[in-house]
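# Summary of the model geometry
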Amino acid sequence: DQQVKQNSPSLSVQEGRISILNCDYTNSMFDYFLWYKKYPAEGPTFLISISSIKDKNEDGRFTVFLNKSAKHLSLHIVPSQPGDSAVYFCAASLDRGSTLGRLYFGRGTQLTVWP
Amino acid sequence: KAGVTQTPRYLIKTRGQQVTLSCSPISGHRSVSWYQQTPGQGLQFLFEYFSETQRNKGNFPGRFSGRQFSNSRSEMNVSTLELGDSALYLCASSPTPFGANVLTFGAGSRLTVL
């Protein structure tokens, strides 16, 4: 049962434009959300996170938006760069206070940024 | 400082064999988690260890097991390998299982079962 869903397996964006990656979840008990980026032959690396008490978190070119009522979050990358080409995973935690090690991941979205 | 180290990086086994994968967490990190990544299922949680104790276990059969040593290094074992066990096995560490820490992943061990 996939509790975190990334319905777009791939996204292609021109360099300099905005990339928007979407993620939906079904479990209303999730209280912490993260985005990870993965290059081939490497492990996922942490990108940005957001607590369920917030609706937006920004870090440089990356912004994550959380809509709890819709159980939806999105990652915006502005401007997109070719080096951003990677697989992006959305992840959620049930109780960051005690079970951080157990994250629920989506299946990932392959982002390709072309010049 | 050194990241999460996983060995071996690649291995090939045949059905019915067993395999042991090793993970050395970042120095000072005491929590280790394991994930299986397959093309169809994404990253699936296997188990989490902290202070040599398994704190959480995912929905995998008993053929999958793990342990953590006093120096926080961890191993996972898969017995009676099946073709469907072919996957990238990822280990992640954090200082503790609690609070504002995030997981730092290793590069993974790619297992192919023939």
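Up top you'll find the structure we're talking about.
These notes cover the structure that comes with them. Please read all numbers here as calculations on a predicted model, not as lab measurements.

Time to look at the overall build of chain B. Check the secondary structure of chain B and you find zero helices and 11 strands. When its helices and strands are written in sequence order, chain B yields β-β-β-β-β-β-β-β-β-β-β. Its C-alpha radius of gyration of 13 Å places chain B within 12% of the 13 Å reference for a compact globule of 114 residues. Looking at chain B as a whole, 48% of its 114 residues are labelled buried. Within chain B, contacts between residues separated by at least 24 positions form 54% of all contacts whose residues are at least 6 apart in sequence. With the model as given, the accessible surface of chain B reaches about 5,100 Å², and the carbon-plus-sulfur share is 50%. If the 11 positive side-chain charges of chain B are averaged to one point and the 5 negative ones to another, these points end up 5 Å apart.

Right, let's get into the state of the cysteines. Residue and element names in this part refer to chain A. Inspection of every chain in the model, using the stated rule, returns two disulfides over all chains. At a sulfur-sulfur separation of 2.0 Å, the disulfide partner of C23 is C90. Looking along the S-S bond of the C23-C90 disulfide, the torsion reads about -75°, which is the left-handed sense. With a gap of 67 residues between them, C23 in strand 3 (residues 19–25) and C90 in strand 9 (residues 86–93) connect regions that are remote in the sequence. Both residues of the pair, C23 and C90, count as buried.

We now examine the side chain of H76 of chain A. All names here are of chain A. Here H76 lies in strand 8 (residues 72–77). We classify H76 as buried; its relative accessible area is 19%. In this structure the side chain of H76 is engaged in a polar contact, spanning 3.4 Å, whose partner is the side chain of S74. Sequence-distant contacts of H76, that is, excluding residues within four places in its chain, are made with I18, S19, I20, R61, F62, T63 and F65.

A cis amide bond links V78 of chain A to the next residue, P79 of chain A, at an omega of -10°. Checked against the element boundaries, P79 of chain A lands in the loop between strand 8 and strand 9. Located in the positive-phi region is S72 of chain B, a residue other than glycine, with phi close to 80°. Of note, T80 of chain B is a non-glycine position whose phi angle comes to about 45°, a positive value.

What counts, and where the lines are drawn
Residues numbered from 1 in each chain as written. Chains lettered and ligands numbered in written order. Predicted model: local features only at pLDDT ≥ 70, side-chain atom pairs only at ≥ 80, totals over all residues. Heavy atoms only, no water. Helix = DSSP H or I, 4+ residues; strand = E, 2+ residues; numbered from the N terminus. Rg over C-alpha atoms; globule rule 2.2 N^0.38 Å. Buried < 20%, exposed > 50% of the residue type's maximum accessible area, 1.4 Å probe, protein only. Contact = heavy atoms within 4.5 Å. Areas by Shrake-Rupley, 256 points an atom, 1.4 Å probe, with all protein chains shown as cover. Lys, Arg positive; Asp, Glu negative; His and termini not counted. Charge placed at Lys NZ, Arg CZ, Asp CG, Glu CD. Disulfide = S-S within 2.5 Å. Polar contact = N/O pair within 3.5 Å; in protein donor to acceptor, adjacent residues only side chain to side chain.

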